[in-house]
There are 2 protein chains.
Amino acid sequence: MIDFDSASVQLGHGSGGRLSHQLISELFIRVFSDGHPDPLDDAARLTTRANRLVFSTDSFVVDPVFFPGGNIGDLAINGTVNDLLTSGGTPLAISAAFILEEGFPFRDLKTIVETMKKAADVASVRIVTGDTKVVERGKADKIFITTTGVAEVDHDYAIDCSQIRPGDAIIVTGTVADHGMAILASREGLSLEATIASDTASLGRVVHRLLAAAGDSVHAMRDPTRGGVAAALNELAESSSVGIELIEAAIPIRPPVAGACEILGIDPLLVANEGKMLVAVAPDVTEAALAAIKADPLGSEAAVIGHAHASHPGRLTIRTPLGAGRILDMPLSDPLPRIC
Amino acid sequence: MIDFDSASVQLGHGSGGRLSHQLISELFIRVFSDGHPDPLDDAARLTTRANRLVFSTDSFVVDPVFFPGGNIGDLAINGTVNDLLTSGGTPLAISAAFILEEGFPFRDLKTIVETMKKAADVASVRIVTGDTKVVERGKADKIFITTTGVAEVDHDYAIDCSQIRPGDAIIVTGTVADHGMAILASREGLSLEATIASDTASLGRVVHRLLAAAGDSVHAMRDPTRGGVAAALNELAESSSVGIELIEAAIPIRPPVAGACEILGIDPLLVANEGKMLVAVAPDVTEAALAAIKADPLGSEAAVIGHAHASHPGRLTIRTPLGAGRILDMPLSDPLPRIC
């Protein structure tokens, strides 16, 4: 039996022998599969009703592993679920591959795995298969997790990042920059840590409500993670060949987050979010779409933050409270490394 | 433009901004998608004809990254393809998530990515989506790759590790221990390196020929990677509640590999293979199955190496040339860390 209170991961736990099996059966199968492994072992069986699928993968290397509002575990599940949801599909299954540093405490691994299971349950998705590798001390930083997901596309809407049309409203489902600033505060030991928490959350219910209300009129969705709202909207503007103008005063942000960004000289529109979606909808359904999103607790602070237009395709601009406009370029890189 | 001859990976290349986009468009999309990205960007669309799918993931942390017979790139594609093939299904798509150490040379990354594309082409599978994270120097060891695959199950055979029946023949599709000994030789700078190469290969054609010849009579398949033939057959014996007896003299092994194992005191049955499949088939089709496998160049050295029986369920034994039998336990761990 693994001593989850005081033992730590050894190289042998990633080597395919009895130690690997012990880890798989005493932790992964017990937590993820409620004790029932798939008979295929190295692979999982899925049954799909739809013949259109969406497939997405992300590696998570966040530093620190535990932070206000979550840990690498829920981040890894929610991040991949939200990527799948940008298609409007229904997440079906997730795989989880772990790269562990020799010496990583089993207690922390157990906490992370249990957090993943909770996040998967909230998102109504199963963690069906996985892998574990262990590398020598100093050859990785504690724990890296790669999650990959499959979703069924059980609707006929044309939702993708090339579908935004001039006139579309741009909605954000809540406040911006919470995740990135929580990580930064936690990493730097800033005293603002207490009031800023990651927004990590999966948005299946929000997206479901939105599609029920606005269906065909939802043109694109994108979760603004690394690079923040600015990177995501630059990508959408380019892919759809539209201009996008934001109204700065309309962008929801928590006062402590705004304050921390100002003190540190960081533009909150460049900071990662992990529980938000950007949505482009046809102008005639804007109010209905916004109301549907706001009806969910995770969307209660949603707002229309701008619109798409036909001039300057590919360009993102922002209008300040004084009425001036400026170009908001794709950032060279996220100001914070290892944010997710 | 990235200077693939002399530049190296920077933290910004994993941050979601312009540097990330440059890497994605100048390397990943150019090589993997022949320049045509999926319109969904963060996720890929798939269409399946079958409603039964198989889903598998593996992280690759092999050290060294380049070794005789291959590199981490083809290993990552072939490993996941072979896991999918254990179901008898047809691989449909693969995702590739990279964790790169700051300072990793772009020249090496380009070689690895091009090797992945070649391996995917050989396996007739597309690399459809991916992710890149970069961690600081010293926080990862050069490059880790996680591949995840989806296969369609377009047959009605009941193939899984619980289906082996007493009397079934156990076939291995070729020589054992090549991969692990190639890595060891390469890592230790042994002079035997020149004559031992990894067997990394995907086995789609071999499995296709086998199913065409033996169909319903194929009961289980398993690729003997970490922990080697001994770990894989122990798992199969346990899952199927049968005993398995191997005939030592029947197990194909290249003389330099056998010699190296003997010198180093390593049991070749514990050493990883990356281009071999263990197959359990009904006794009446043994010859037909073996002939079908041997008809393929990747199966030309296939052999019947043992059989399943009803006594001692879950136990793997091996009969030596002198006729003595001994128990071949599940190893505690693979004798070689970071073999894949």
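Remember, predicted model here, so these are calculated numbers, not experimental data.

A. Quick peek at the relation of the copies chain A and chain B. The transformation that overlays chain A on chain B combines an axial shift of 0.0 Å with a rotation of 180°, and the residual RMSD is 0.0 Å. Such a combination of turn and shift is consistent with a two-fold rotation axis. Considering only C-alpha atoms, the residue of chain A closest to the rotation axis is Ala140(A), which sits at 2.1 Å. Interface residue correspondence from chain A to chain B reaches 100%, placing this contact among same-surface, isologous pairings.

B. Structural context of the environment of Lys294(B). Residue and element names in this part refer to chain B. On the secondary structure map, Lys-294 appears in helix H8 (residues 286–294). For Lys-294, a relative accessible area of 38% gives the class partly exposed. With residues up to four places along the chain from it excluded, the contact list for Lys-294 reads Gly-299, Ser-300 and Ala-302.

C. Region of interest: the pattern of salt bridges. Counted according to the given criterion, the structure contains 40 salt bridges over all chains. A salt bridge links Lys133(A) to Asp58(B); the nearest nitrogen and oxygen atoms lie 3.7 Å apart. One end of the pair, Lys133(A), is in strand E6 (residues 126–135); the other, Asp58(B), is in strand E2 (residues 52–60), on a second chain. A relative accessible area of 3% means that Lys133(A) is categorised as buried. Via salt bridges that share partners, Asp178(A), Asp199(A), Arg254(A), Lys276(A) and Glu301(A) belong to a single interconnected network.

D. Layout of the interface of chain A and chain B. Each partner contributes to the interface: chain A provides 74 residues, whereas chain B provides 74 residues. Roughly 6,100 Å² is buried in total at the junction of chain A and chain B, and carbon and sulfur atoms are behind 57% of that figure. At the junction of chain A with chain B, the criterion picks out 8 salt bridges. One can count 36 residue pairs in polar contact (both at pLDDT 80 or more) joining chain A with chain B.

E. Spotlight on the pairing of E6(A). Residue and element names in this part refer to chain A. Burial within E6 is extensive, with 8 of its 10 residues counted as buried. Summarising the sheet, strand E5 (residues 90–101) and E6 pair through 9 bridges and their orientation is parallel. By the bridge assignment for E6, Ile-99 is matched with Lys-133. For the segment spanning E5, helix H3 (residues 106–122) and E6, crossover handedness is right-handed.

F. Expanded view of unusual backbone geometry. Residue Pro64(A) follows Asp63(A) across a cis peptide bond; omega there is 5°. Note on placement: Pro64(A) falls in the loop between strand E2 (52–60) and strand E3 (66–67). The phi angle at Ser241(A) is positive, at roughly 50°, despite the residue not being glycine. Mapped onto the fold, Ser241(A) is located in the loop between helix H6 (228–240) and strand E10 (243–247). Non-glycine residue Ser124(B) carries a positive phi angle of around 55°. One can find Ser124(B) in the loop between helix H3 (106–122) and strand E6 (126–135). For Ser124(B), a relative accessible area of 62% puts it in the exposed group.

G. Expanded view of the domain arrangement of chain A. Residue and element names in this part refer to chain A. Each domain of chain A was delimited in the assignment, giving domain 1 (1–37), domain 2 (41–153) and domain 3 (169–327). Taking only C-alpha atoms into account, the centre of domain 2 sits 24 Å from that of domain 3. Between domain 2 and domain 3, the contact holds 21 residues from the first and 23 residues from the second. Across the contact surface, domain 2 and domain 3 share 0 salt bridges. On inspection of domain 2 and its partner domain 3, the count reaches 5 residue pairs in polar contact (both at pLDDT 80 or more). For the side of domain 2 that touches domain 3, the elements supplying multiple residues, two or more each, are E3 and helix H2 (72–85). The element best represented in the side of domain 2 that touches domain 3 is H2, accounting for 8 residues. Taken together, the residues that form the side of domain 2 that touches domain 3 break down as 10 nonpolar, 7 polar and 4 charged.

H. Summary view of the packing of aromatic side chains. Per the counting criterion, the structure on display carries 7 aromatic pairs over all chains. When the ring of Phe28(A) is compared with that of Phe98(A), the centres are 4.9 Å apart and the planes differ by 35°; the resulting orientation is tilted. You can see Phe28(A) sitting in helix H1 (residues 18–32) and its partner Phe98(A) sitting in strand E5, a full 70 residues away along the chain. You'll find Phe28(A) and Phe98(A) in the same group, each marked buried. Counting every residue linked through ring pairs, the aromatic cluster contains Phe28(A), Phe32(A) and Phe98(A). Above the face of the Phe60(B) ring, Lys133(A) is positioned so that its terminal group lies 5.5 Å from the ring centre.

I. Quick peek at the sheet that holds strand E1 (residues 44–47) of chain B. The strand order E6(A)-E5(A)-E7(A)-E2(A)-E1(B) describes an open sheet built from 5 strands, whose pairing is mixed. Looking at strand neighbours, the two that pair on one side only are E6 of chain A together with E1 of chain B, the edges of this open sheet. Between one strand axis and the next, the sheet turns by 20° as a mean value, whatever way the strands run. Across 10 bridges, the pairing between E5(A) and strand E7 (residues 143–152) of chain A is antiparallel. Residue pairing across strands places Ala93(A) opposite Val150(A), the latter belonging to E7(A). Most of the contacts of H2(A) go to E7(A), to which it runs at about 30°, and overall it touches E2, E5, E6 and E7 of chain A.

Conventions used here
Sequence positions are assigned chain by chain, starting from 1 and proceeding in written order. Chains and ligands are labelled sequentially in the order written, the chains with letters from A and the ligands with numbers from 1. The predicted nature of this model means local features are confined to residues of pLDDT at least 70 and side-chain atom pairs, given and counted, to a pLDDT of 80 or more, with totals for whole chains, interfaces and linings taken over all residues. Each side-chain value is worked out from all heavy atoms of the structure, with water and hydrogens disregarded. The fit set for superposing copies consists of C-alpha atoms from residues with pLDDT of at least 70 in both; the fit itself is least squares. Residues count as neighbours in contact if any of their non-hydrogen atoms are within 4.5 Å of one another. Starting at the N terminus, helices and strands are each numbered in turn, a helix being any DSSP run of H or I of at least four residues and a strand any DSSP run of E of at least two. Relative accessible area decides the class of each residue, using a 1.4 Å probe on protein chains only: under 20% of the type maximum gives buried, over 50% gives exposed, and in between gives partly exposed. Whenever a carboxyl oxygen of Asp or Glu lies within 4 Å of a side-chain nitrogen of Lys or Arg, that contact is scored as a salt bridge. Buried area counts how much accessible surface, traced with a 1.4 Å probe, disappears from two parts once they are put together, with both parts' losses summed. The definition of a polar contact used here is a pair of N or O atoms within 3.5 Å, where within protein one atom must be able to donate a hydrogen and the other to accept one, and adjacent residues in sequence count solely through side-chain atom pairs. Criterion used throughout: strands pair if DSSP finds at least two bridges between them. Throughout, right-handed denotes a crossover for which the path from the first strand over the helix to the second runs clockwise when the strands point away from the viewer. Domain start and stop positions are those given by an automatic or database domain assignment. Asp, Glu, Lys and Arg are counted as charged, while Ala, Val, Leu, Ile, Met, Phe, Trp, Tyr, Cys and Pro are counted as nonpolar; the rest, among them Gly, fall into the polar class. Centres within 6.5 Å are what make two rings of Phe, Tyr or Trp a pair, Trp counting through its six-membered ring; a difference in plane orientation under 30 degrees is then read as stacked, over 60 as edge-to-face, and the rest as tilted. Ring-over charges, as used throughout, are those where CZ of Arg or NZ of Lys falls within 6 Å of the ring centre and within 35 degrees of the ring normal. Lines fitted to C-alpha atoms define the axes, with helix axes restricted to the stretch in contact, and inter-axis angles between N-to-C directions lie between 0 and 180 degrees.

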